[in-house]
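One letter stands for each residue in the lines below.
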6 protein chains.
Amino acid sequence: MTTTEARTDHDYKQIEVQEFRLTEEPFYLPVADEVDLFEIAYEEQIPVLLKGPTGCGKTRFVEYMSWRLHQHLGDETQGVPLITVACHEDLSASDLVGRYLLEGDETVWIDGPITRSVKAGAICYLDEIVEARKDTTVLIHPLTDYRRLLPLDKRGELLEAAEGFLLVLSYNPGYQSALKDLKHSTRQRFVAIEFNYPPRDQEAEIIRRESNCSADDAMELAKLGEKVRNLKEHGLAEGVSTRLLVYAGRLISRGIAPRRACQTAVVWGLTDEFEVQRSIEEVVTSIFPE
Amino acid sequence: MTTTEARTDHDYKQIEVQEFRLTEEPFYLPVADEVDLFEIAYEEQIPVLLKGPTGCGKTRFVEYMSWRLHQHLGDETQGVPLITVACHEDLSASDLVGRYLLEGDETVWIDGPITRSVKAGAICYLDEIVEARKDTTVLIHPLTDYRRLLPLDKRGELLEAAEGFLLVLSYNPGYQSALKDLKHSTRQRFVAIEFNYPPRDQEAEIIRRESNCSADDAMELAKLGEKVRNLKEHGLAEGVSTRLLVYAGRLISRGIAPRRACQTAVVWGLTDEFEVQRSIEEVVTSIFPE
Amino acid sequence: MTTTEARTDHDYKQIEVQEFRLTEEPFYLPVADEVDLFEIAYEEQIPVLLKGPTGCGKTRFVEYMSWRLHQHLGDETQGVPLITVACHEDLSASDLVGRYLLEGDETVWIDGPITRSVKAGAICYLDEIVEARKDTTVLIHPLTDYRRLLPLDKRGELLEAAEGFLLVLSYNPGYQSALKDLKHSTRQRFVAIEFNYPPRDQEAEIIRRESNCSADDAMELAKLGEKVRNLKEHGLAEGVSTRLLVYAGRLISRGIAPRRACQTAVVWGLTDEFEVQRSIEEVVTSIFPE
Amino acid sequence: MTTTEARTDHDYKQIEVQEFRLTEEPFYLPVADEVDLFEIAYEEQIPVLLKGPTGCGKTRFVEYMSWRLHQHLGDETQGVPLITVACHEDLSASDLVGRYLLEGDETVWIDGPITRSVKAGAICYLDEIVEARKDTTVLIHPLTDYRRLLPLDKRGELLEAAEGFLLVLSYNPGYQSALKDLKHSTRQRFVAIEFNYPPRDQEAEIIRRESNCSADDAMELAKLGEKVRNLKEHGLAEGVSTRLLVYAGRLISRGIAPRRACQTAVVWGLTDEFEVQRSIEEVVTSIFPE
Amino acid sequence: MTTTEARTDHDYKQIEVQEFRLTEEPFYLPVADEVDLFEIAYEEQIPVLLKGPTGCGKTRFVEYMSWRLHQHLGDETQGVPLITVACHEDLSASDLVGRYLLEGDETVWIDGPITRSVKAGAICYLDEIVEARKDTTVLIHPLTDYRRLLPLDKRGELLEAAEGFLLVLSYNPGYQSALKDLKHSTRQRFVAIEFNYPPRDQEAEIIRRESNCSADDAMELAKLGEKVRNLKEHGLAEGVSTRLLVYAGRLISRGIAPRRACQTAVVWGLTDEFEVQRSIEEVVTSIFPE
Amino acid sequence: MTTTEARTDHDYKQIEVQEFRLTEEPFYLPVADEVDLFEIAYEEQIPVLLKGPTGCGKTRFVEYMSWRLHQHLGDETQGVPLITVACHEDLSASDLVGRYLLEGDETVWIDGPITRSVKAGAICYLDEIVEARKDTTVLIHPLTDYRRLLPLDKRGELLEAAEGFLLVLSYNPGYQSALKDLKHSTRQRFVAIEFNYPPRDQEAEIIRRESNCSADDAMELAKLGEKVRNLKEHGLAEGVSTRLLVYAGRLISRGIAPRRACQTAVVWGLTDEFEVQRSIEEVVTSIFPE
């Protein structure tokens, strides 16, 4: 547990590219036929767009599919490799494709995550794609054409995607502003699957499993989730994610009183507005009355 | 299927410039005399501007022409090389022309796609040109003069375009805002061909061929396309592309129920607005009633 | 005390990474159960968001927790290492993760503060996180997932956080504008603890300890703090911090008259508006009448 | 016709600066005394500003003058060298003056187009100057003073322009916005010549010569030009350039029906607005009635 | 007096860091107890914020204090070193902290002014701090904490400030806009001293000493200063600085008629508005009637 | 007269810093006592601000003073060196001070124009200073203090200006907008001299001398200048400069008819507005009636 890092001549050579395969089955409860749809799209090599609010399970679903898909491919290793990129306003094409770095007397090329995906036949998951800079378009478009090409302009190369490669984007329709919308020339290259929060029983099961709280507490927290999401028209920009309900469950299972746990994990986290906090706390009190 | 990339002293030398010739005839059904017009423009060395909505077939048309044109030139090899660039907000002149990179003790020049086109006598297709940064103008203008010159300022050179070179731009008039318009001093250097979605029978044929669905389903999907495009005045920014109809056909041919296939491939992909989704779904239900 | 810096061949090698462990117990008086909540969150590896106004003690609290936590971990050394970053508008992901620097013929990698935290199992405290550039999101999100990963894109690596690592953010809800808000996809990854200024007796005790002024003066200054914070609706953007009250106490203990000390440390520091200065001075005069 | 580029150690040395002298007389029909005015300005070393709409012949005029002027100078070689720069929003002073590039162990200086002009005694033609970045001002001003100096700040040098050097700017007054105007401190350093489209007979002659169409078709196209330019108050931002009329002539001479040729070369190229297209098409129909 | 600079292999090594100690007592006339306040703050290591209008003597005061303070420290050398930085919109943290520069085969670190101050135990005076870029915050905050740390992120180091170090900021409250305000989280780290122009007699004494004009002229100029500052509500954005009055005195002592001297040094310098110039000239005429 | 530039190993070493001394007396006719004022300011080392409209003779005046001043300094060489910088929106402090450049294995420092001025004891003339970026402030301020220092931050040096150094700024008050004003903390460091166009007889004399036209034509052109400047309230943003009148005189002396010469040199150059052009042409016709 020391922060000292040895800096030797070998330091720079030690780069190893990760194999991002999940080694354990991620916990995922299907809601409808989304697993079938994704499997067919994957086999048909049709790019997929996942739409839905914050924390409703899109990322977990992709992880689950990447773990599950290997059986259908007859692949001995576990699952399809999954490479995830959290997009942001400064994410540029070079960050995704790769760049040259100077090493001593030589210049070496470092593949970016999308290039690694294309070479490895991985699922490349671009989370919140509308946040990325627009030059990423240059990469997405030819990869979604029937020829599935990735231009590496700086190398003067064109890569053809390996068999198992699939491009998956996610975005949150509630977020989009005029400035940050997915252009039609981009979005009309994908089949889309819309997600929403899991139904109450299913969410309770998730909370119980991930927080080790009692089944009763989990059910109450799932109810809380439902009710808070209905507060949206009372000034709440976004519903509560399953993740925050799990946090509340973990604090409860460690002995924090439920109302205090919900205040910390749900109320204060969701909003800074005093009035909205009050509305949520009333919901909390109605569910955990004592 | 491993992501490991060997990094050796030879790595950087292995750059090979692609020969972007299509080796198979792309499927393209002509609508009017656009093939003749393009052939004459190509022979007369008049630059061409393709206008039309998202997914109406502009890119496929250029690919088809690049494959078809070699017969008219008496060239033994297959077609004219085609170099495509998907333009975006950060695309600069250097990205198109090329740049110097440092390699060990030396600096090497890497040709960009427009320079490669000029040298190879290729068709250079700048897709969605209005998205590019304005310094790209400096390249387009002298290439469309009668002298067809490409200035490589950083090398102090002027290149004269090889015989077969042609500059082709595309843009989507429905997209343009005041900020992102093609300047008159640019657009008045091109002949323009306007495209629209293919007529119903022709689109049904395309859907059937590319999705392996039944001729009946293909015809229903083509009808769906027509009707959805008429919803434009009901808040739909852009009509549905043929590509999305093909996706729907492929899902249907894999056993997904038509209404579910259309929801995934057409409804959710086209729009995030609940009301507009409802309108499209009504159209879907009217065509696939069961 | 000379400014001359020897520049030798060894200069660049002398980099030593600091061990940011506190060696003395920072003075902190708990207000509620915030110490318990933080301890449980730390053990449960749930990221923590501290909310509250300027100078109410958030930073001191984190320092205190980093000093206190080692006992619970059975660690022989003192406390958990704490790495603090004051965020600002130009802070980018590279500043946090690290970058390559050229050294002679070689390129060496310099870990940024978040990478050092992840390796060392430290508490990483990002103060005023909303000030940072948005590309920092790419780092925060996977570190708050159950897998606790830090992608080092430039090295093609994924780091798994060491056991003791915890991400702690702070922000001041009074500051936030629409432009600089914490996105929901970020904030729903944290439990939140809201802070406020300490109650009067407790603040007096802090002032006395840190300024060496008399207990009476300390109590008067704490009263002053309370009253000034109530002036908020009279045009004062932000209440007075405990720190400024401590400054006033130190000037008083050095012989400056209380009203002059308060003018210098509180009135002139808080605001430039003449009218608001007058209101605060009236409060000062009512407390230090002579 | 291969795109492969050999990259050898000699690659970077092969830079040759072009001698941009025109070897054939460009076709130019004078309208008034502009040839005399330009000749006197050239001999008097008074910088020249060419004003006029898109495609009215400014560039052709400068080319013609550069070809014609050598006779008056008693120079044995053909004409005065001409160096043309199409200005754009990202064009900076360094692009015009030159910059240092790293070559192996050394840094070499690459002259930009304005420096080459100054050294060669060339006409330096900055087309659409208001598009360039404002740091270009630093170059234009001292070159238009009586001392005709070019500061190469990065080299700590001042160059005195060679005898035959002349600075010529063009701009389109119809384009200028408040943001992109030529500053008075700049424009008051030039004599100005205003251009407009050539009169009908003259334009017909140009169209006939450059398109190989019949004299009748050429005259009809010239009439079309005149009438379309009168549509300006009907929403057409800019008149039709002679160049587009030449394109129409070339399509006609290749067998395309005149109305179709005009649709492609004139209607679709000029505007995206359906109503304005209709107005132009009515003009086309009135001229080519069958 | 030649501009030629020898460029030898030793050029780069000849860097000498200045010892910014004042060797002569700067002329400063105290107005109130500001000297005492500053001395106590310096001994208590409380950072100081100087507020006041342009040219009222803030910079001179800091220079005076840096010269005066050495006696109190029992230091044999003259005064405390003073390092002054005039802040501006492009001043970044790297400018203040330092950066790596490439020298031949090695990279050397060059300390910035704040690092030199921290090492030397100097007074670091950031003049017009609100003009600087916001990333400077990252430096100011930890230096004003009780631990007085300067993070050198690029070196992975933390510096503890040497004993005599003090951070002093200045800013002009009349200037601040909403965009360029000192944030509360910054300003609540300082004691503040407000400055204004010196009273008439004192200003006359300053003018006489610094311009060598007669005592009478100096007194008249001081009156002029007073009256012009009262014109503020007549459209004058800022009062006249003592410096401009000294300029007028120097022109007068060189034989320029007082009204002409005031026109040049005061009227034309203060404003470009004709009406406001007239008002000031009336004041000048009333004081220098002949 | 060839554009080929030899690129040898010696290329980069051949930098010679110019000695910008004028070798011939520039033609300048004094209007008032501006020569005396400037001489005293120069001897008193008081920085000078020249204010006035475009083309009224500010630059010529500085050139004249730099030529004239050597007699007063008892210097054997001709005049004081003059270094002129035309400021623009991208001009930064580094452009003025200097920067490091890489040369083979070494880094060499290249002085910028202000550093060369400070070392050479030159007059440094920053033309249109408000156009420059704000980081230039950091240079101007300490150079106008009584200590006359130039901080070379990148070298860790402070330069004291050589004896003959003087900072001279110019700016055009008619141009300034709120965004581009000289800050009070800057302008209150200068004495200011306001310029205007020369009176009619004097301007006629200038036109005659510089254009070789007849005294009569020169007088008519001077009258034209006067009248055009009175058109300012009719939509003309800026009056006509003496320079444009000289151009007209030169065209007339080469045989161009006066009305045509004025159209080219004055009317078309001054404005693009048709109505304003008409007003000026009426003035031209009234003066040159035939």
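Our subject in this report is the structure included herewith. (Residues numbered from 1 in each chain as written. Chains lettered and ligands numbered in written order. Predicted model: local features only at pLDDT ≥ 70, side-chain atom pairs only at ≥ 80, totals over all residues. Heavy atoms only, no water.)

## A few points about the overall build of chain A
On a plain count of helices and strands, chain A comes out with 12 helices and nine strands. Taking all 290 residues of chain A together, the buried fraction comes to 62%. The long-range fraction of contacts in chain A, counting pairs at least 24 apart against all pairs at least 6 apart in sequence, stands at 71%. When the accessible surface of chain A is totalled, it reaches about 11,200 Å², and 47% of it is carbon and sulfur. (Helix = DSSP H or I, 4+ residues; strand = E, 2+ residues; numbered from the N terminus. Buried < 20%, exposed > 50% of the residue type's maximum accessible area, 1.4 Å probe, protein only. Contact = heavy atoms within 4.5 Å. Areas by Shrake-Rupley, 256 points an atom, 1.4 Å probe, with all protein chains shown as cover.)

## What about the packing of aromatic side chains?
Considering all chains together, one arrives at 29 aromatic pairs over all chains under this definition. Judged by centre distance (5.4 Å) and plane angle (50°), the ring pair of Y28 of chain C and F61 of chain C falls under tilted. With a gap of 33 residues between them, Y28 of chain C in the segment before α1 (34–44) and F61 of chain C in helix α2 (residues 58–68) connect regions that are remote in the sequence. For the pair Y28 of chain C and F61 of chain C, one class covers both residues: buried. In textbook terms, an aromatic cluster arises when at least three aromatic residues are bridged by ring pairs, as seen for Y28, F38, F61, Y64, W67 and F195 of chain A. In this arrangement the basic side chain of R229 of chain E is found over the ring face of Y197 of chain E, its NZ or CZ atom lying 3.9 Å from the centre. (Phe/Tyr/Trp six-rings, centres within 6.5 Å; stacked < 30°, edge-to-face > 60°. Lys NZ or Arg CZ within 6 Å of the ring centre and 35° of its normal.)

## Description of the sheet that holds strand β5 (residues 123–127) of chain A
Note on sheets: strands pair through backbone hydrogen bonds, and any given pair is parallel or antiparallel. Residues and elements named next belong to chain A. Strand order in the open sheet formed by five strands is β2-β5-β8-β1-β9, and the pairing between neighbours is parallel. Strand pairing shows two members of the sheet lacking a second neighbour, β2 (82–86) and β9 (191–194), which therefore form its edges. Ignoring which end each strand starts from, the neighbouring axes of this sheet average 20° apart. Across four bridges, strand β1 (residues 48–51) lies against strand β8 (residues 166–171) in parallel orientation. (Pairing = 2+ DSSP bridges. Axes fitted to C-alpha atoms, helices over the stretch in contact; angles between N-to-C directions.)

## Observations regarding the sheet that holds strand β2 (residues 82–86) of chain F
Residue and element names in this part refer to chain F. Across the sheet, five strands lie side by side as β2-β5-β8-β1-β9; this open sheet has parallel pairing. Strand pairing shows two members of the sheet lacking a second neighbour, β2 and β9 (191–194), which therefore form its edges. Pairs of neighbouring strands in the sheet enclose a mean axial angle of 20°, with direction left out of account. In the sheet, strand β5 (residues 123–127) pairs with strand β8 (residues 166–171) via four bridges, with the strands oriented parallel. When the bridges of β8 are listed, C124 appears paired with L167. Set on the sheet, helix α1 (residues 34–44) makes contact with β1 (48–51), β5, β8 and β9; between it and β8 the angle comes to about 140°.

## Brief notes about the side chain of E44 of chain B
Relative to the elements of secondary structure, E44 of chain B occurs in helix α1 (residues 34–44). Within the local environment of E44 of chain B, its side chain forms a polar contact with the side chain of R254 of chain D, the two groups lying 3.3 Å apart. Residues contacting E44 of chain B, with those up to four places away along its chain left out, are R250 and R254 of chain D. (Polar contact = N/O pair within 3.5 Å; in protein donor to acceptor, adjacent residues only side chain to side chain.)

## Some remarks on the pairing of strand β2 (residues 82–86) of chain B
Residues and elements named next belong to chain B. When you tally the buried positions in β2, you get four out of five residues, the bulk of the element. Where β2 and strand β5 (residues 123–127) come together, five bridges link them in parallel fashion. When the sheet's bridge partners are listed, V85 is paired in β5 with L126.

## Here's the deal with the pattern of salt bridges
A full pass over the atoms with the stated rule returns 96 salt bridges over all chains. E205 of chain A is the partner of R208 of chain A in a salt bridge, and the nearest nitrogen-oxygen pair spans 3.3 Å. Of this pair, R208 of chain A and E205 of chain A both sit in helix α8 (residues 200–211), three residues apart, which is roughly one turn of the helix. Through salt bridges that share partners, E43 and E44 of chain A together with R250 and R254 of chain B make up one connected network. (Salt bridge = Lys/Arg side-chain N within 4 Å of Asp/Glu carboxyl O.)

## Topic: the packing of helix α9 (residues 215–229) of chain E against helix α10 (residues 242–253) of chain E
All names here are of chain E. At a closest axis distance of 10 Å, the pairing of α9 and α10 adopts a crossing angle of 145°. The interaxial crossing formed by α9 with α10 has right-handed handedness. Across the interface between the two elements, D217, L221, L224, G225 and R229 of α9 pack against T242, L245, A248, G249 and I252 of α10. Here the residues of the contact of α9 with α10 are counted per class, giving five nonpolar, three polar and two charged. (Left-handed = near helix turned anticlockwise from the far one by under 90°. Nonpolar A, V, L, I, M, F, W, Y, C, P; charged D, E, K, R; others polar.)

## Structural notes on the pairing of β5 of chain A
Within β5 of chain A, five of the five residues are buried, which leaves the element mostly enclosed by the surrounding structure. Across the two faces of β5 of chain A the burial is the same, with I123, Y125 and D127 of chain A and C124 and L126 of chain A all buried.

## Observations concerning the environment of A161 of chain B
Residues and elements named next belong to chain B. Mapping A161 onto the fold places it in the loop between β7 (157–160) and β8 (166–171). Relative accessible area serves as the criterion here: at 15%, A161 is assigned to the buried category. As for A161 and T115, which are separated by 46 residues in sequence, their C-alpha atoms are 8.9 Å apart. Contact partners of A161, with chain neighbours within four places excluded, come to V118, L143 and R148.

## With respect to the packing of helix α10 (residues 258–270) of chain F against helix α11 (residues 274–287) of chain F
All names here are of chain F. The N-to-C vectors of α10 and α11 enclose an angle of 150°; their axes lie 10 Å apart at closest approach. The orientation of α10 relative to α11 falls into the category roughly antiparallel. Classified by chirality, the crossing of α11 by α10 is right-handed. Together, R259, C262, Q263, V266, V267, W268 and L270 of α10 and Q277, I280, E281, V284 and T285 of α11 make up the contact between the two elements. Counted by class, the contact of α10 with α11 contains seven nonpolar, three polar and two charged residues. (Parallel < 35°, antiparallel > 145°, perpendicular 65-115°, else oblique.)

## Quick notes on the environment of T54 of chain C
Residues and elements named next belong to chain C. Among the secondary structure elements, T54 is positioned in the loop between β1 (48–51) and α2. Given the relative accessible area of 6%, T54 is considered buried. A C-alpha to C-alpha distance of 23 Å links T54 and S92, two positions 38 residues apart in sequence.

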